[in-house]
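Summary of structural features
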Amino acid sequence: MPPLGRGGGGDEGEAWRRWAVLVSTVWIQALTGTNFDFSAYSSALKSSLGISQEALNCLATASDLGKAFGWSSGLALLYMPLHGVLMVSAALGLAAYAAQYCCLIFLNPSSAAGSSSSIPYPLVFLVCLIAGCSICWFNTVCFVLCIRSFSASNRPLALSLSISFNGLSAAFYTLFANAFSPTSPSVYLLLNAVLPLAASILALPAILLCHTQDSNLQSVPRYDRRVFLGLYILAFITGIYLVVFGSFTTTGSAAWVILTGAMVLLALPLIIPACSSCSYVDTHSIDSASPPNHDDPHKPLLASNNLQNESNAVTEKTMEQQVQRTSCGTILDKGRLVVLGEEHSAKRLIGCVDFWLYYTAYFCGATVGLVYSNNLGQIAQSLHQQSQLTMLLAVYSSFSFFGRLLSALPDLLHSWKASFARTGWLAAALVPMPMAFFLMWKQQDGSTLVVGTALIGLSSGFIFAAAVSVTSELFGPNSIGVNHNILITNIPLGSLLYGQIAAMVYDANGQRMTVTDNHTGIIDTMIVCMGMKCYSTTFFVWGCITFLGLASSMVLFIRTKPAYASTAASRSSCKHLTKFPVNRETP
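Criteria and cut-off values
- Residues numbered from 1 in each chain as written.
- Predicted model: local features only at pLDDT ≥ 70, side-chain atom pairs only at ≥ 80, totals over all residues.
- Heavy atoms only, no water.
- Helix = DSSP H or I, 4+ residues; strand = E, 2+ residues; numbered from the N terminus.
- Buried < 20%, exposed > 50% of the residue type's maximum accessible area, 1.4 Å probe, protein only.
- Contact = heavy atoms within 4.5 Å.
- Areas by Shrake-Rupley, 256 points an atom, 1.4 Å probe, with all protein chains shown as cover.
- Disulfide = S-S within 2.5 Å.
- Phe/Tyr/Trp six-rings, centres within 6.5 Å; stacked < 30°, edge-to-face > 60°.
- Lys NZ or Arg CZ within 6 Å of the ring centre and 35° of its normal.
- Core = buried A, V, L, I, M, F, W, Y, C linked by side-chain atoms within 4.5 Å.
- pLDDT = per-residue confidence, 0-100.
- Expected span 1.5 Å × (residues − 1).
- Salt bridge = Lys/Arg side-chain N within 4 Å of Asp/Glu carboxyl O.
- Axes fitted to C-alpha atoms, helices over the stretch in contact; angles between N-to-C directions.
- Parallel < 35°, antiparallel > 145°, perpendicular 65-115°, else oblique.
- Left-handed = near helix turned anticlockwise from the far one by under 90°.
- Nonpolar A, V, L, I, M, F, W, Y, C, P; charged D, E, K, R; others polar.
- Patch = residues over 30% accessible without salt bridge, like charges linked within 9 Å, V, L, I, M, F, W, Y side chains within 5 Å.

Summing up its helical and strand segments, the protein has 25 helices and 2 strands in all. Expressed as a percentage of its 587 residues, the buried residues of the protein come to 56%. Across the protein, contacts joining residues at least 24 apart in sequence account for 83% of those joining residues at least 6 apart. Split by element, the accessible area of the protein, about 23600 Å² in all, is 67% carbon and sulfur.

Written out as structure tokens, the structure is:
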């Protein structure tokens, strides 16, 4: 009987455990992107509170401001188990969104005849802040699960697949809302409170099986890439399904049928790894990013030393070139990263030039796309496209999902010997965003709005997913719980700045009108803007900002390209050495 961990039942169990954890993170991510459906109920919230567009923007900022405290999840992991952090996340989200739902339903002015009471705005702001914090905690749990469960070569694929489904949250919530109460915007708040808790409970058994150490990840079966390919194909089919059936409002039995189909597609990822485990054959395949196993008699005794020497030589050569260039005083070479994966403490991270280029690229790229999605409800309303809001939300969500899936392309091409720095892909992903904003600045109609929304969703989705792997590669995988949450502090800053720009332009071009909420019956006076003037200037400013993000990402790519080349050379040497095994039993 083969020993555990070498092709016997232990390997099969270990493989199944990895895939169960990955599918669990997919479920969690698919139902915890609750900030993406803000546009679905933002107009109702604005009307119920009787607030201006600037005050509504502050509520969207409050949700994003919770991400500024996302680093607390990394600290919590030092003192709490993963499943404990997960359940705290679910509890925070449940409390925050349930409080908002109760405010709209029970503290609504229309609920008390003749009452002039209103929903307490500071309370809504506070619970939005808590809700944003819970989202960060969910994300951190999923990142750590993928890092602990998969080897270095497969880790980006696992992260990309998991994060991709977060982009589909708005589409899933739209299907749930259509099935339960398609005419009530407040149903989104109720779903935001309940569904993340349900997903957490469902995923809990698999998470309890996750290893706390990654020492078992030195070797991986060769069929892992085939399983990932199957999972990505299934994910692509899920995205197409949601684009087709989530782009229009359905009610009654049709809505329940579509929702059931989506839930079946969400559960299907369990089948592919299960089928693969049944046909498991041990191949002793070595992860190209992991060191050789010294206990294996079929591996060369000096492979590790030779590889280390060659890797050190490459690193020293790169460092020497870096020092020479620095002495020339060129901006592109000053303080650049020499090797990938080196752990950065928070203090060292803040002093790193490459981090601030990376921060600027994210701040002037993906964050702008997120603010655009938060304003999509008012954008559609100003252009007389309110009836198309459900379709626009589905388009943004689905194309954000496809962008996240495409973030795995560097790893798939790497397996085909077409290596390219991930920071280069990050720069390429930013190209469509300024194009989309300048396009909508020049022409604002239904078709242009759809195309622009798709491009922005595609670009921002790629960056959201790729950023986790970029952070891990540039600044160390063990520090990602803190470092990535430091990176995304740009989201609340951008949400406040970019949203304020949009709100000021909107209110400046609007006029005070008396409006009636069809659902609550509230009659209130508020500023409403209609026409191209409402967002034309905003689109131009956002386009210039995203162009700055593109320029920053290109500089980051140039600076980090030698580090990626050095790592690629080291991995190539490892593969070359393992092609010529030395049999220790040979006389």
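After that view, the rundown keeps rolling.
So, about the state of the cysteines. Under the definition given, this model contains 1 disulfide. Shown here is the disulfide that connects Cys529 with Cys534, its sulfur atoms set 2.0 Å apart. On the S-S bond that ties Cys529 to Cys534, the torsion sits near -100°, and the link is left-handed. Classification of Cys534 as buried rests on a relative accessible area of 0%.

The tally for this structure, following the rule as stated, stands at 28 aromatic pairs. Consider the rings of Phe399 and Phe402, whose centres lie 5.9 Å apart with planes at 85°: the pair is edge-to-face. One end of the pair, Phe399, and the other, Phe402, are both in helix α18 (residues 389–406), 3 residues apart, so they sit about a helical turn from each other. Taking 5.6 Å as the distance between ring centres and 70° as the angle between the ring planes, the aromatic pair formed by Phe437 and Trp542 counts as edge-to-face. Of this pair, Phe437 sits in helix α21 (residues 432–442) while Trp542 sits in helix α25 (residues 536–578), and the two are 105 residues apart along the sequence. Residues Phe437 and Trp542 agree in their burial class; the two are buried. Members of the aromatic cluster, connected to one another through ring pairs, are Tyr372, Phe437, Tyr506, Tyr535, Phe539 and Trp542. Here the guanidinium or amino end of Lys442 rests over the ring plane of Trp441, the centre of that ring lying 4.5 Å away.

This part takes up the nonpolar core. Core analysis: the largest hydrophobic core is formed by 140 residues, its most contacted members being Leu22, Leu161, Phe165, Tyr362, Tyr372, Phe437 and Trp542. Top contributing element to this core by residue count: helix α22 (residues 446–475), with 13 residues. Setting aside residues up to four positions removed in sequence, Leu22 forms contacts with Cys146, Phe150, Ala158, Leu161, Phe228 and Leu231. Listed in part, the 17 residues of the second largest apolar core include Leu86, Phe138, Cys142 and Ile207.

Put simply, the protein has an average pLDDT of 75, and 73% of its residues get 70 or more. In this model, residues 109–117 is a region of pLDDT below 50 whose contacts with residues beyond four sequence positions or in other chains number 9 contacts.

Attention now moves to helix α10 (residues 224–245). The α-helix winds at 3.6 residues per turn, so residues separated by three or four positions along the chain end up facing the same way. With 22 residues, α10 should cover 32 Å at 1.5 Å per step; its first-to-last C-alpha distance of 32 Å lies within 8% of that length. Every buried residue belonging to α10 is among Asp224, Val227, Phe228, Gly230, Leu231, Tyr232, Leu234, Ala235, Thr238, Gly239, Tyr241 and Leu242, and all of these are buried.

The subject of this paragraph is the pattern of salt bridges. On inspection of all chains with the given rule, the structure shows 2 salt bridges. Taking the shortest distance from any N to any O, the salt bridge between Glu473 and Arg422 comes out at 2.9 Å. Of the two residues, Glu473 sits in helix α22 while Arg422 sits in helix α20 (residues 422–430), which places them 51 residues apart along the sequence.

Okay, the packing of helix α16 (residues 366–374) against helix α24 (residues 490–509) next. Running from N to C, α16 and α24 point in directions that differ by 55°, and their axes come no closer than 9 Å. Between α16 and α24, the interaxial angle falls into the category oblique. Handedness of the α16/α24 crossing: right-handed. The segment α16 lies against α24, with Thr367, Val368, Leu370, Val371 and Asn374 engaging Asn490, Ile491, Gly494, Ser495, Tyr498 and Gly499. Broken down by class, the residue content of the contact of α16 with α24 amounts to 5 nonpolar, 6 polar and no charged.

Between the first and last C-alpha of helix α3 (residues 53–65) there are 18 Å, a value that for 13 residues agrees with the 18 Å anticipated at 1.5 Å per step. Extensive coverage of α3 is indicated by the burial of 10 of its 13 residues. Along α3, the residues that are buried comprise Gln53, Ala55, Leu56, Asn57, Leu59, Ala60, Thr61, Ala62, Ser63 and Asp64. Tucked into the core, α3 has its buried residues touching α2 (38–49), α6 (121–149), α16, α17 (376–382) and α24.

Our focus in this paragraph is a nonpolar patch on the surface. Together, Leu75, Leu78, Tyr79 and Met80 line one region of the surface with nonpolar side chains, adding up to about 460 Å² of accessible area. Note on placement: Met80 falls in the loop between α4 (71–76) and α5 (82–106). A relative accessible area of 30% places Met80 in the partly exposed class.

What follows concerns the environment of Met504. Mapped onto the elements of the fold, Met504 is located in helix α24. C-alpha separation for the pair Met504 and Cys534, spaced 30 residues apart in sequence, amounts to 9.6 Å.

One can describe the packing of α22 onto helix α23 (residues 480–487) by two numbers: an axis separation of 10 Å at closest approach and a directional angle of 120°. Relative to α23, the element α22 is oriented oblique. Considering only the axes of α22 and α23, their crossing is right-handed. Residues Ala467, Val468, Thr471, Ser472 and Phe475 of α22 pack against Ile480, Asn483, His484 and Leu487 of α23. Taken together, the residues that form the contact of α22 with α23 break down as 5 nonpolar, 4 polar and no charged.

A few words on the environment of Gly499. Mapping Gly499 onto the fold places it in helix α24. Using a relative accessible area of 0% as the deciding quantity, one classes Gly499 as buried. Separated by 128 residues in the primary sequence, Gly499 and Val371 place their C-alpha atoms 6.3 Å from one another. Beyond its immediate sequence surroundings of up to four residues, Gly499 is in contact with Asn57, Val371 and Gly494.

We now examine the environment of Leu455. By secondary structure assignment, the location of Leu455 is in helix α22. Classification of Leu455 as partly exposed rests on a relative accessible area of 25%. Here the alpha-carbon distance between Leu455 and Gly369, two residues 86 residues apart in the chain, equals 9.7 Å. With residues up to four places along the chain from it excluded, the contact list for Leu455 reads Pro432 and Ala436.

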